[in-house]
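Secondary and tertiary structure notes
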Amino acid sequence: MAEKISDIKQEFLEAGIENYEALFVKYGEDTRSGVINLINKCKRELESLHKEKERIYRLSEFERKYADYGFICGIDEAGRGPLAGPVVAGAVILPKDCDILYINDSKQLSEKKREELFDVIMEKAVAVGVGMASPERIDEINILNATYEAMREAIEKLGVKPDILLNDAVTIPEVSIKQVPIIKGDAKSISIGAASIIAKVTRDRIMKDYAQIYPEYGFEGHKGYGCASHIEAVKKYGPCPIHRRTFIKNFIAD
């Protein structure tokens, strides 16, 4: 007597995607449409997994190129452009045999996926460091220098000293470690992509906390960026303590 389709579905579920191939052989001769549809669905899942592994392999090109270096650290930032809140930098050293899938430029990921990957990166990374510069510091020394400051802090907080830095586009002053600036690095290096996720999620959480303190500005939605509703709120209520005065001077009087 043929197995129930519901039981076969449960067998696939319990086996996991890494064991699909054996089940394709086991049920490949079953002509029931429910089984055929299940196998086709699982084949698509397996194909997607293979494509993702290939993408991650390509994303690790720079990590392979500099594999002779011990600790390879990716550096990226979040929050250079907003009108409010800190700029946050992430520094991440991934293991040489990193098997984390779906890492990408944080802007290409959904908030849900970023949050999931944040936890995985924090669990599997050799080291993670986070640095930030406040709105006051940004106003004091400008956003570029504040970003460099946040990046240096992130490196210092790693716990282990990197042997090489893979940076998203910039060369950080006052850092003696070898640096490799990579244009659009968060989409070309798995280490920089991981750092971008750490920086973005950390900053988003900070802005959500600020939204509880200053609810009239809608920080939980736009995260401090200069959308129309944010600008209108600043014009209506005036700036709050986390606004960057040098960023809002064109549409608000001090």
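Read on for an overview of the structure. (Residues numbered from 1 in each chain as written. Predicted model: local features only at pLDDT ≥ 70, side-chain atom pairs only at ≥ 80, totals over all residues. Heavy atoms only, no water.)

1. Comments concerning the packing of helix α2 (residues 20–27) against helix α3 (residues 33–59)
At their nearest, the axes of α2 and α3 sit 11 Å apart, and the two run at 155 degrees to each other. Between α2 and α3, the interaxial angle falls into the category roughly antiparallel. In this structure, α2 crosses over α3, and the sense of that crossing is left-handed. Contacts between α2 and α3 involve Y20, E21, F24 and Y27 from the first element and V35, I39, C42, K43, E45 and L46 from the second. Residue composition of the contact of α2 with α3, grouped by class: seven nonpolar, no polar and three charged. (Axes fitted to C-alpha atoms, helices over the stretch in contact; angles between N-to-C directions. Helix = DSSP H or I, 4+ residues; strand = E, 2+ residues; numbered from the N terminus. Parallel < 35°, antiparallel > 145°, perpendicular 65-115°, else oblique. Left-handed = near helix turned anticlockwise from the far one by under 90°. Contact = heavy atoms within 4.5 Å. Nonpolar A, V, L, I, M, F, W, Y, C, P; charged D, E, K, R; others polar.)

2. Looking at helix α8 (residues 190–213)
Along its 24 residues, α8 runs 35 Å from first to last C-alpha, staying within 8% of the 34 Å computed at 1.5 Å per residue. Measuring from the backbone nitrogen of S191 back to the side-chain oxygen at the start of α8 gives 3.3 Å, which picks out S189 as the cap. (Expected span 1.5 Å × (residues − 1). Polar contact = N/O pair within 3.5 Å; in protein donor to acceptor, adjacent residues only side chain to side chain.)

3. Digging into helix α1 (residues 5–15)
Burial in α1 covers these residues: I8, F12 and A15. One side of α1 holds all its buried residues, which, seen down the axis, span an arc of 70 degrees. Projecting away from the buried face of α1 at angles above 90 degrees are the exposed residues L13 and E14. Taken together, the buried residues of α1 touch α2 and α3. (Buried < 20%, exposed > 50% of the residue type's maximum accessible area, 1.4 Å probe, protein only. Arc of directions from axis to C-beta.)

4. Regarding the packing of α1 against α3
Contact pair α1 / α3: the axes reach a minimum separation of 10 Å and the direction vectors enclose 15 degrees. Judged on the interaxial angle alone, α3 and α1 are roughly parallel. In terms of crossing hand, the pair formed by α1 and α3 is right-handed. Along the contact surface, α1 presents I5, I8, K9 and F12, while α3 presents G34, V35, L38, I39 and C42. Of the residues that constitute the contact of α1 with α3, the class distribution is seven nonpolar, one polar and one charged.

5. Examining the pattern of salt bridges
According to the stated counting rule, one finds 17 salt bridges in the structure shown. Salt-bridge contacts for R32 lead to D30; the nearest nitrogen and oxygen are separated by 2.7 Å. On the basis of relative accessibility, which here comes to 26%, the residue R32 falls in the partly exposed class. Notably, a salt bridge pairs E115 with R205, separated by 2.6 Å at the nearest N-O pair. With E115 in helix α5 (residues 111–124) and R205 in helix α8, the pair connects residues that are 90 residues apart, well separated along the chain. Judged by its relative accessible area of 22%, E115 is partly exposed. (Salt bridge = Lys/Arg side-chain N within 4 Å of Asp/Glu carboxyl O.)

6. Remarks on the side chain of R152
Note that R152 resides in helix α7 (residues 143–156). There is no salt bridge for the buried R152, and the closest opposite charge comes from E174, which lies 4.2 Å off by N-O distance. Excluding residues within four positions of it along the chain, R152 makes contact with I172, P173, E174 and V175. (Lys, Arg positive; Asp, Glu negative; His and termini not counted.)

7. Describing the pairing of strand β2 (residues 87–93)
Most of β2 is tucked away: seven of the seven residues are buried. Burial along β2 is two-sided: the residues V87, A89, A91 and I93 and V88, G90 and V92 are all buried. Direction of pairing for strand β1 (residues 72–78) relative to β2: antiparallel, over a ladder of six bridges. Bridged to E77 within β2 is A89. Pairing of β2 with strand β3 (residues 127–133) involves seven bridges; the strand directions are antiparallel. (Pairing = 2+ DSSP bridges.)

8. Quick look at the nonpolar core
Of all hydrophobic cores here, the largest spans 18 residues; its most connected members are V92, L94, I103, I121 and I197. Looking at which element gives the most residues to this core, the answer is α8, with six residues. When neighbours within four sequence positions are excluded, I103 is seen to be in contact with E52, R55, I56, L59, L117, I121, I190, G193, A194 and I197. Counting 16 residues, the second largest nonpolar core, distinct from the first, contains I75, A89, A127 and Y148. (Core = buried A, V, L, I, M, F, W, Y, C linked by side-chain atoms within 4.5 Å.)

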